[in-house]
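Residue-level listing of the chains:
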Amino acid sequence: MRAPLWLVRVGLVGLPSLVPLLTRSPQAQGVPADHGTIVIAVGTLATLPVPTVITGRWNQDVSDLLFLKLARLGPELATGGDKRFIPQLAKSWTRRDSLTLVFDLDPRARWHDGTPVTSRDVVFTFRRTLEPGVDPQRALLLRYLASVTEEGPQRVVFRFSRAYSEQLYDAVYHVQPLPAHLVDSIPYSRFATSSFAQHPIGNGPYRWVALVPGQRLEFTANPDFFLGAPKLDRVVFIEARDPEAQLNLVLSGTADALENVVPVTNIPRVADNPSLRMLQVPSFTVSYLLFNQRSRSDRSVPHPILADSVVRLAIALALDRATLVKNVFGVYGAVPYGPVPILSWIRDPKVNPLAQDTARARALLRSRGWVDANSDGILVRNGVPLSLDLNYPVTSAPRKQMALGIQEQLRQIGVKVELVGMEGAAWNEARNRHDFDIDFSSVGLDPSPAGLIQSWSCEGLSGTNVGGYCDPKVDSLLIQGIFARKDALPTWRRAVQQLEQDVPAVFIYAPIYAFAVHRRYANVNIRPEGWWAALGEWSVTPGQQLERDRTPP
Amino acid sequence: MLKGAWEQPGGRRGLLLLAVIVIVALVGPAFLPDPASQPDLIHGALLPPGLGHLFGTDQLSRDVLSRVVHGARISLSVALLAVALSATLGCLVGMVAGYFGGWTDAVLMRLVDGALAIPRLFILLLLIAVWDHIPLAALIVVLGATGWFGTSRLVRAEVLRLREQEYVGAAVALGAQRRRIILRHLLPNALAPVLVASTLAVGDVILIEAGLSFLGLGIRPPTPSWGAMILDARSTLFTAPWTGAFPGLAIVITVVAVNLVGESLRDALDPRRL
Amino acid sequence: MPGWLFSRLLQAAATLAAAIVVLFFLMRLAPGDPLAQLAGERQMSLQEVEVLRARYGLDQPLTSQFSAFVRGVLRGDLGTSISQRRPVTNILAERLPATLLLGGTVLVLNFTIGIWLGVLQARRKGSRADRWLSTLSLAGYATPSFWLGLILVWLAAVRWHWFPAGGMVDPLRSGESGLSRILDVARHLFLPVLTLSIVSMAVTMRHQRTAMLEVLGADFVRTARAKGLDEGPVIWHHAWRNALFPIITLFGLWLPVLVTGSVFVEGVFAWPGLGSLSQEAISGRDYPLLMGTALLVSLTVVLGNVIADLAYFYLDPRVRR
């Protein structure tokens, strides 16, 4: 039986209009004109951005949105003294004496469940962090912290065992307080799998909504945030491990922002896109060619080739670092002086690393007895060829490309470099076992120069100083820098200068990250020490809202 | 066998094409600049094809044409030899298992199952533990020895099917020796899927070898290989397509040539011609 | 048949067990271990490393670690992932649906359209259709698979905005269910399926074509035609059944893709599958997670081949074993 005509007509008109109802959520009422949503494409999703169980940079970055520190670094990223920090959980601080700092918490600070943030939370978290086995790295950084005590519900007293200029930095930067009333009943061993860790309650500008591992992590704005409610109501992180996939997500409009466009050759594709804007964010990373000064097979014996500082200097002189950096990074990289990141406050913009000087490099090698005996282009001394293995992780595309440039430049002075690209875990293991000639290392440093101690002091030989470098002069300068009463800057700079002169490594590049962000966002601020920490300040330019901005969470 | 292939027009074209590729691989390097040379890292990188560089330059200002030609030696030897090894092993095992059946079949096929169950990556990681740097010959053997499992199952399936055909029964009834049955009746037919699989494997192996360099196992730079060039060119696919297009083209041409030869071999081996 | 089937399944179980044992010990031979990865990120002292080692049972002798693993598997507990600090079973369960969806769709397409095209080529051997399909399939296969994926994404997602560039669902539509969610997943599934299908269909088509050509020239086909049977049944009932053997083998070999996923497709399309998971597990030397994924893969490999053997037998009962 055929349907009556009027039914057919209604159906033809009515059905298509039902489709939007089936596929879209209802239109928003009254979302403010400068509010919006942001979708950020990241390489690895933060699955556990909870203090005391954080592993890895991606978790640390995201945890800043949920958990505030007592204070944050100011724009110059200075870590010394008491003055150049910006209040967060602590609204002010005073110094009682050279060993004691007193913080007054902001009484407006609240946990996401409404409970006020108190000194008990701070004390508890420090105690938890310093428990043995919990966080050895932070415990090491806080080794001069003698005690953290409550003095009333809003006041915390930090006592140190030694006087040094970075006391405030150590007190505020490394530890983000946890809510004691929710966490203190959970033993640390079960914390990572606890329901708190699956759905953290913090005090920051954003609240946790949901995590779908391998896919997305969603936060929603905390409207009661005491430092000002965020204007971006929804923050969604989406995971795409492959850099091309990340780029495609942002070029196609699925994602609004991308951290680190790689490689540099892809930047024009983003720049050409009219809805995207590029931002340069200098990093705290320094990469260098680390020389192994001890023999690979027996650490008590010096390395047959690299123990000689003249040879190391010759290698440094043979390299045209500026060209190598320009080739791999374009303008998104700089040649560091010593192991000092671009943003470090001890960086001296007036000194330059050694420029390439192949003539002098050749002369130096000749002076140490290295000659090309059989005209095959490779220098030899006492039957031993000047051949070195350069280990690098194949997962690092910049290092892979730069290693080829390095190999070719060193070939010009008669040094044979064998490129040993290794799988991540194997490379790590070879490095820790001191089984390398030259290791292409890359280290992300803290804003504080005190981190230099681990990799460049004699004390660090049993730990991360895998190259075997030890110069007591540098050690004493580093210690002096940490404990300097007055201006520590000249001391630090002298330490770095000595490091450059000793050539334990050739410091080769400090990258600048290229962020892609949709143009409609205003007040965009990406903090180098915590990229997304300032998302609470972003907003959407009125009149440029997209559909996704107008849909309420 | 080759004579049979030559007689087919497709086969002739394929063999000639292969011959050309091999000759270019052997003789070409003498006429081309050093593939490792990086003349100008700042202004000479990623130049499009032009007069000075017929195939353009890569990220390190190296001449792509020179690298493609120099890389032919490695890629061709790896591809052709490893695949030949896989094909031979697969055929052998598959035929023995299929024809003799019983316990032989069960044991061999369960070994193949077990081998298929272990990801290739595992085995390769082991090799890292054992060798610091694998020589090319060992690499070819490894690739060949880990690539025959699927082929053996394909061959076995064909043998199972053919074993029961009437003409085999007739041959047996006529008192033919087992070896003769295998060689004259079963092998030519069983070869068909092997040829298909091997043709496809040629392109595969080149990329697998390149993938090995991501484990630090493959050919060491600066020695070029087509697969490595393609993997390196991945990030410049849209900004500098020539870096990957030319080695990719080289692979495609090789695969086409092998395919033509394979097809003609299959036609030549058609039992209705023998 | 039942006797043979029982013996076959027993063999499969034995193979599986052997593979597990080999994998377990093989894993630990590769340089580096899970704690080195973890320790690398948070400079640990030797003491702390030892504490962690004990926590994960890595300080026990290998044989007791293995028996602990086996006992766990029999309980349904695959251990705790070292890098993710969660039960392995949870992690696998999260990623399995996405992997099955992708692999399953490709499997179905591959073994329907692929077969049909292969037979078509064989029937029209030498025709323009045959030559074009051959060229296309060869080109599709010889092109590096990630190129195919990247070009498809660039065209269909970035330039023309027909399909999403990656992921499994729209990141902003989390709470949906029912029809709109199915449509959303389907939109995200299209490009990865297309890419993987092009590559795998090329293989199936070529094998089917070759096998069909072999069979079409055989005597029994001529007999059937001489008997006056319609072309349709001649092709599909008589000839094709015999040309199915390599296809069945391929199917058995392909089944594991249902759980291994495809690393390159998951990468290019940000598809949250098991392929990229195993890759991470291997590079992180996350032994429990690795064993979990390996167990799944071994299971499907062995199962796939059992199914194939069953199918040969069903197709042609004269085939014993």
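Heads up: the structure comes first, above all this text.
Quick notes on the rules
Residues numbered from 1 in each chain as written. Chains lettered and ligands numbered in written order. Predicted model: local features only at pLDDT ≥ 70, side-chain atom pairs only at ≥ 80, totals over all residues. Heavy atoms only, no water. Helix = DSSP H or I, 4+ residues; strand = E, 2+ residues; numbered from the N terminus. Contact = heavy atoms within 4.5 Å. Lys, Arg positive; Asp, Glu negative; His and termini not counted. Charge placed at Lys NZ, Arg CZ, Asp CG, Glu CD. Buried < 20%, exposed > 50% of the residue type's maximum accessible area, 1.4 Å probe, protein only. Areas by Shrake-Rupley, 256 points an atom, 1.4 Å probe, with all protein chains shown as cover. Pairing = 2+ DSSP bridges. Axes fitted to C-alpha atoms, helices over the stretch in contact; angles between N-to-C directions. Salt bridge = Lys/Arg side-chain N within 4 Å of Asp/Glu carboxyl O. Core = buried A, V, L, I, M, F, W, Y, C linked by side-chain atoms within 4.5 Å.

S.K.: Before we go on, may I ask you to explain the overall build of chain A in this structure?
M.R.: On a plain count of helices and strands, chain A comes out with 18 helices and 22 strands. Summarising its shape, the C-alpha atoms of chain A cover approximately 100 × 70 × 40 Å along the three principal directions. Partitioning the intrachain contacts of chain A with sequence separation of at least 6 by distance along the chain shows that 69% fall at a separation of at least 24. Counting 58 positive and 52 negative side-chain charges, chain A places the centres of these two groups 3 Å from one another.

S.K.: Where do I start with the overall build of chain B in this structure?
M.R.: Helix and strand content of chain B: eleven helices and zero strands. Per-residue burial over chain B gives 57% buried out of 274 residues. Considering only contacts within chain B whose residues lie at least 6 apart along the sequence, 74% involve residues at least 24 apart. Summed over its atoms, the accessible surface of chain B is roughly 11200 Å², and 69% of this surface lies on carbon and sulfur atoms.

S.K.: Honestly, the sheet that holds strand β6 (residues 145-150) of chain A in this entry has me stumped. Any pointers?
M.R.: Strand pairs in the sheet, formed through backbone hydrogen bonds, run parallel or antiparallel to each other. All names here are of chain A. What the four strands build is an open sheet, ordered β4-β5-β7-β6; its pairing is antiparallel. Pairing within the sheet leaves two strands with one partner each, and these edge strands are β4 (90-97) and β6. Across this sheet, the average inter-strand angle for adjacent strands is 20 degrees, counted without regard to direction. Pairing of β6 with strand β7 (residues 155-160), which is carried by five bridges, proceeds in the antiparallel orientation. Counted as the bridge partner of T149 is V157 from β7. Its contacts with the sheet place helix α3 (residues 119-130) against β5 (100-105), β6 and β7, and it is angled at close to 150 degrees to β6.

S.K.: Looking at this structure, I do not really get the pattern of salt bridges. What am I missing?
M.R.: One side chain can pair with another of opposite charge once the charged atoms of both are near each other. All told, the structure shown has 48 salt bridges over all chains when counted by the stated rule. A salt bridge links R128 of chain A to E131 of chain A; the nearest nitrogen and oxygen atoms lie 3.5 Å apart. Assessed through its relative accessible area of 35%, E131 of chain A is described here as partly exposed. For R234 of chain B, the salt bridge goes to D242 of chain A, with nearest N and O atoms at 2.5 Å. With one member in each of two chains, R234 of chain B in the loop between α10 (226-232) and α11 (242-268) and D242 of chain A in the loop between β10 (232-239) and α8 (243-251) form a pair that bridges those chains. Each of D105, R110, D113, R153 and R156 of chain B together with R8 and D309 of chain C takes part in salt bridges that share partners, so that together they form one network.

S.K.: Where do I start with the nonpolar core in this structure?
M.R.: In summary, soluble globular proteins display a tendency toward joint burial of nonpolar side chains. Counting 157 residues, the largest nonpolar core has V261 of chain A together with W226 of chain B as its most contacted members. In terms of residue count, the dominant contributor to this core is helix α8 (residues 179-216) of chain C (13 residues). When residues no more than four places from it in sequence are discounted, the contact partners of W226 of chain B are V68, G71, A72, S75, L76, I206, P247, A250, I251 and T254 of chain B.

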